[in-house]
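Given next are the chains, with one letter for each unit.
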Amino acid sequence: MTFKQAKEQAIDHFEGKEKELLAAMDQLSGLKKKFKHTDGVLDLFKKHQRPLYSKPFIERVVPGISMQLASRDNVWWFDFNPSTSYIISYRWAAGLGWNERLPINFKENRIESSDHIFGSRVFTEFKLREGFALKLETEWMNTFPNTFYPAYPQEQSKRSWVWSSFSGIKNSFNLSKKMRGQVQILYNLYNPEKQSPYLARVNFRFGVEYALKKKQKLF
């Protein structure tokens, strides 16, 4: 009887307000799609959404490593890129990284020291939607200039530091609760005098990122 009376009162309350009820339901549905990291329904109607506001520093730090493969004249280049990024906001992240190239000549079973490069990177990322982000990166590599780009062959002189800049898309996906895989497609924007130590303008990388968690106190 109590349930029946409550049902009748609810019907009486919304009688003649069907349009307003449907509009509110549409608004709630839209907010749920837009803000997936809110704690409750009431949080959806707050003016300022801060899903990362309460995150501790350690959970904003994201270590990772990516890899890039290429080959030339029977030599395979394995570029290892450890990095650490910091989540500034829901949309923005920035970080530092390192690149170390291991060039292996499998035909002669030796490491080609002339193809070895190393150097640092800085980057920033802007989240487009869940799993996709724009990435802008600048690096400073120690290399032999004008020896890698096939259109401009030149005898090796001496090592020097070469600047390069990249822009592209990063796609991330869950591998486990703490591990995320990632694939990057980057275009070499800045390659002065064809000195960049890469064979092509478009570069592909793949790797993983690790989510750090704050240790819970037992007492």
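Locating Gly207 in the fold gives a position in strand E9 (residues 202-210). Taking the C-alpha atoms as reference points, Gly207 and Gln182, 25 residues apart in sequence, are found 5.4 Å from one another. Look past the residues within four positions of Gly207 in its chain and what remains in contact with it is Ile65, Ser66, Arg180, Gly181 and Gln182.

Before going further, it helps to spend a moment on the confidence of the model for the protein. Scored by pLDDT, the protein comes out at a mean of 82, with 73% of its residues at no less than 70. Taking the mean pLDDT of every element in the protein, the minimum, 55, falls on helix H1 (residues 2-14) and the maximum, 97, on strand E5 (residues 118-129).

Negative phi values dominate among residues other than glycine, just as trans dominates among peptide bonds. Its identity is not glycine, yet Asn74 carries a phi of approximately 65°, on the positive side. Mapping Asn74 onto the fold places it in the loop between strand E1 (61-72) and strand E2 (75-87). Unlike most non-glycine residues, Asn109 shows phi in positive territory, near 55°. Mapped onto the secondary structure, Asn109 falls in the loop between strand E3 (92-105) and strand E4 (110-111). Note on Asn109: relative accessible area 67%, which makes it exposed.

Applying the stated rule across the entire model yields 12 salt bridges. The closest approach of N and O atoms between Lys170 and Glu125, which form a salt bridge, is 3.1 Å. Taken together, the residues span a long stretch of sequence, with Lys170 in strand E7 (residues 160-174) and Glu125 in strand E5 at a distance of 45 residues. Of the two residues, Lys170 and Glu125, both sit in the buried class. Of the charged contacts, one joins Lys135 and Glu137 as a salt bridge, the two residues approaching to 3.5 Å between their closest N and O atoms. Each of the salt bridges in this network shares a partner with another, and the network as a whole consists of Arg121, Lys135, Glu137, Glu139 and Arg205.

Analysis parameters
- Just so you know, the residues in each chain are numbered from 1, in the order the chain's sequence is written.
- Given that this is a predicted model, residues contribute local features only at a pLDDT of at least 70 and side-chain atom pairs are listed and counted only at 80 or more, while totals for whole chains, interfaces and linings are drawn from all residues.
- Computation of side-chain values: all heavy atoms of the structure, hydrogens and water removed.
- For helices the rule is a DSSP run of H or I covering at least 4 residues; for strands it is a run of E covering at least 2, with both sets numbered from the N terminus onward.
- Any two residues whose heavy atoms approach within 4.5 Å at even a single point are treated as in contact.
- Confidence of the predictor in every single residue is expressed as pLDDT, which spans 0 to 100.
- With a 1.4 Å probe rolled over the protein chains alone, any residue whose accessible area is under 20% of its type maximum counts as buried; one over 50% counts as exposed, and the rest are partly exposed.
- A carboxyl oxygen of Asp or Glu within 4 Å of a side-chain nitrogen of Lys or Arg is what we treat as a salt bridge.

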